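Inside the fold
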Amino acid sequence: MAGTAVAEVMAELAGLEDPKAREVNEKRGDDHAVNLGKLRALAKRLKTQQDLARELWKTDDSSARLLATLVCRPKEFERDELDAMLRESRTPKVQDWLVNYVVKKSPHAEELRLAWLDDADPVVASAGWALTTERVMRRPDGLDLGKLLDVIEAEMKDAPDRLQWAMNDCLGNIGIKHEEHRARAIEIGERLEVLKDYPTPPNCTSPFVPIWINEVVGRKKGK
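All of these numbers come straight from a predicted model, not from anything done at the bench.

What counts, and at which threshold
Residues numbered from 1 in each chain as written. Predicted model: local features only at pLDDT ≥ 70, side-chain atom pairs only at ≥ 80, totals over all residues. Heavy atoms only, no water. Domains from an automatic or database assignment. Contact = heavy atoms within 4.5 Å. Buried area = accessible area lost by both parts, 1.4 Å probe. Salt bridge = Lys/Arg side-chain N within 4 Å of Asp/Glu carboxyl O. Helix = DSSP H or I, 4+ residues; strand = E, 2+ residues; numbered from the N terminus. Buried < 20%, exposed > 50% of the residue type's maximum accessible area, 1.4 Å probe, protein only. Core = buried A, V, L, I, M, F, W, Y, C linked by side-chain atoms within 4.5 Å. Phe/Tyr/Trp six-rings, centres within 6.5 Å; stacked < 30°, edge-to-face > 60°. 1 Å grid on protein atoms, 1.4 Å probe; cavity = no way out; pocket = protein on both sides within 12 Å on 5 of 7 lines; lining within 4 Å. Points joined across faces, edges and corners; volume = space filled by probe spheres on them. Nonpolar A, V, L, I, M, F, W, Y, C, P; charged D, E, K, R; others polar.

What follows covers the domain arrangement of the protein chain. When cut into domains, the protein chain gives domain 1 (1-96) and domain 2 (107-222). Relative to domain 2, the C-alpha centre of domain 1 lies at a distance of 28 Å. Counting residues at the interface gives 12 residues for domain 1 and 12 residues for domain 2. Summed over both partners, the interface of domain 1 with domain 2 comes to about 1000 Å²; 56% of that surface belongs to carbon and sulfur atoms. If you sort the residues of domain 1 by the area they bury against domain 2, Arg79, Leu86 and Gln95 come out on top, with a joint share of 53%. Across the salt bridge formed by Arg79 and Glu111, the nearest N and O atoms sit 3.3 Å from each other.

Have a look at this one:
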């Protein structure tokens, strides 16, 4: 489907909308009404189309923006373009997909990570922490994990929700991936009690760091 018109795609997205899905998503701060499995199937059919991705993003429609992250070429975005896109991301799911499917694959990821970490907007800062967690997990060389723990210890307790969640994710992964910092990560989690009472479905792991770290590490040791 080379050169697909944005109007054609928007019409198809409109046909896939499910009001019940929108109602469920709105409880999490999202506003898309298209089932994500159907969205991925559409992306697979469209294949990669960078121009279309840019046009879909401009619509300011969350379903279209999610689709844009799936059909774009991440390496073709400029640094300032990605920065603007993040700041335009109105909902958690759009931000999450933009960071994970686009920014992480961009040659500008590290530069943006450093810039976003210190941003005054907590939503933008949360993206910086998400990129930092990626490095904690996959490319920790050059990171000062002790300093990251210092910042988390000082700021996570009172951070806004999305920033707090991103910092908590980083804390948990430091404890899971880096044994030398595990005891301190658990101690910070125990003392701050962030997400301690988060409702966790059966057979799912709690995001409360002491429980999360111990369960994941215990499973690995049991293999």
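Text resumes after the structure shown.
Attention now goes to the environment of Asp169. Among the secondary structure elements, Asp169 is positioned in helix α11 (residues 161-177). A relative accessible area of 29% places Asp169 in the partly exposed class. Residues Asp169 and Thr132, 37 residues apart in the sequence, show an inter-C-alpha distance of 10.0 Å. Setting aside anything within four residues of it in sequence, one finds Asp169 in contact with Thr133 and Trp212.

Let us look at the nonpolar core. Of all hydrophobic cores here, the largest spans 32 residues; its most connected members are Val9, Leu13, Leu56, Leu67 and Trp116. Listing elements by their share of this core, those giving two or more residues are α1 (6-16), α3 (36-46), α4 (50-58), α5 (62-71), α6 (79-88), α7 (92-102), α8 (109-117) and α9 (122-138). The two domains that each donate at least three residues to this core are domain 1 (1-96) and domain 2 (107-222). The contacts of Leu67, once residues within four sequence positions are left out, are Val9, Leu13, Leu39, Leu42, Ala43, Leu46 and Leu56. One finds Leu148, Ala159, Ile174 and Ile176 within the second-largest nonpolar core, a separate group that totals 29 residues.

Enumeration over the complete set of coordinates arrives at 2 aromatic pairs. Relative to Tyr101, the ring of Trp97 lies with its centre 5.2 Å away and its plane at 55°, an arrangement referred to as tilted. Separated by 4 residues within a single helix, Trp97 and Tyr101 lie in helix α7, roughly one turn from each other. The class of Tyr101 is partly exposed, set by a relative accessible area of 25%.

A few words on unusual backbone geometry. The bulk of non-glycine residues show a negative phi, and the bulk of peptide bonds are trans. A positive phi angle, near 65°, is found at Lys47, a position not held by glycine. The topology assignment puts Lys47 in the loop between α3 and α4. For Lys47, a relative accessible area of 58% translates into the label exposed. Not every positive phi belongs to a glycine, and Leu195 is a case in point at roughly 65°. Within the secondary structure, Leu195 is located in the loop between α12 (182-192) and α13 (209-222).

Counted according to the given criterion, the structure contains 23 salt bridges. Between Arg191 and Glu187 there is a salt bridge, and its shortest N-O distance comes to 2.8 Å. One end of the pair is Arg191 and the other is Glu187, both in helix α12 and 4 residues apart, which spans about a single turn. Looking at Arg191, the relative accessible area reads 42%, which means it is partly exposed. On the basis of relative accessible area, Glu187 is assigned to the partly exposed category, the value being 35%. A single salt-bridge network, built from bridges that share partners, covers Asp31, Asp60, Arg65, Glu88 and Arg90.

Time to look at the layout of surface pockets. Each pocket or cavity is described by its volume, and for the largest pocket that value is around 890 Å³. As for the largest pocket, its lining consists of 26 residues, and the residues nearest its centre are Pro92, Asp96, Arg162, Trp165 and Ala166. Secondary-structure elements contributing two or more residues to the lining of the largest pocket are α7, α9 and α11. Of all the elements, α11 adds the most residues to the lining of the largest pocket, at 7 residues. Among the residues making up the lining of the largest pocket, the classes are represented as 10 nonpolar, 8 polar and 8 charged. Viewed by domain, the lining of the largest pocket spans two of them, domain 1 (1-96) and domain 2 (107-222), each represented by three or more residues. Of the voids in this model, the second largest pocket is the one considered here, and its volume is about 360 Å³. Around the second largest pocket, the lining comprises 18 residues; the ones closest to its centre are Leu117, Asp118, Trp129, Leu148 and Val151. Looking at the lining of the second largest pocket, the elements that each hand over two or more residues are α8, α9, α10 (145-155) and α11. Ranked by the residues each element gives to the lining of the second largest pocket, the list is headed by α10, at 4 residues. In terms of residue class, the lining of the second largest pocket is made up of 11 nonpolar, no polar and 7 charged.

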